[in-house]
Amino acid sequence: MASKKEEGGFGTLLAVIVIVAALGTWMVISPGYLMKALTAEREFSSQLGGHAADQWIYSKMLSTSIGQVKGIASSIKETQTMPTMLKNWAQERIISTWLWGSLIVYRANMIILYWFILMPFTIAATTDGFWVREISTFRFSSQSPIRHRFGVLISTMTLVSVCVWVVLPIPIPSVVAPLAIVAIGFATWMWLSNMQKRI
């Protein structure tokens, strides 16, 4: 009982730290830096998947973020009555929020693209893991709970890492997206093939 309370307290503390860090970053990050990060992200994507892949991801990002331009323009107009320093800061925050959101949408669409590209691998891994478990039911052998747990751990760590990668406002090589899909496929095979014979 005490351990559960400690885990809950640690999770709450970690969530507070993450929120404060994100808010602090948002308050000081500049639109120019975010634009450079988005440009670098597009270069990474072009090097990994080619110009066509970048164009597809970028077009999806634009279709999502272009609708927010009118809201940005109206928000900037509302800052005109503020003092000069506060007005400049507020306008920068509005643009930074839009650029940061665009970077997140770009990376999310990149994951979607590589998910469809690598779908045959994930389907094959899942199917193989299922049949490995089915075949093992006819053998006098036990499944490995350690490998099963390891597969669950890999999938959890991969999902958390992808969530962090998506929101980080710094240029990161786009190889994260396909590696994450491959890791999920491997983790699915690992925990599915080592699932207990009787549940």
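For the structure itself, look to the data block above.
Bear in mind the structure is a predicted one, so any value in this text is a computation, not a measurement. (Residues numbered from 1 in each chain as written. Predicted model: local features only at pLDDT ≥ 70, side-chain atom pairs only at ≥ 80, totals over all residues. Heavy atoms only, no water.)

## Digging into the side chain of Ser193
- In this structure, Ser193 sits in helix 8 (residues 176–193).
- From its side chain, Ser193 meets the backbone oxygen of Trp189 in a polar contact 2.7 Å long.
- A polar side-chain atom of Ser193 sits 3.3 Å from the main-chain carbonyl oxygen of Met190. (Helix = DSSP H or I, 4+ residues; strand = E, 2+ residues; numbered from the N terminus. Polar contact = N/O pair within 3.5 Å; in protein donor to acceptor, adjacent residues only side chain to side chain.)

## Observations concerning the packing of aromatic side chains
- Taken as a whole, this structure holds two aromatic pairs when the rule is applied.
- Considering the side-chain rings of Trp26 and Trp89, the 6.0 Å spacing of their centres and the 80 degrees angle between planes classify their relative orientation as edge-to-face. Placement of Trp26 in helix 1 (residues 2–28) and of Trp89 in helix 5 (residues 84–117) is noted, with a sequence separation of 63 residues between them.
- We classify Trp26 as partly exposed; its relative accessible area is 26%.
- Residue class for Trp89 comes out partly exposed when judged on its relative accessible area of 33%.
- Across the ring face of Tyr58, the terminal group of Arg42 is positioned such that the distance to the ring centre comes to 3.6 Å. (Phe/Tyr/Trp six-rings, centres within 6.5 Å; stacked < 30°, edge-to-face > 60°. Buried < 20%, exposed > 50% of the residue type's maximum accessible area, 1.4 Å probe, protein only. Lys NZ or Arg CZ within 6 Å of the ring centre and 35° of its normal.)

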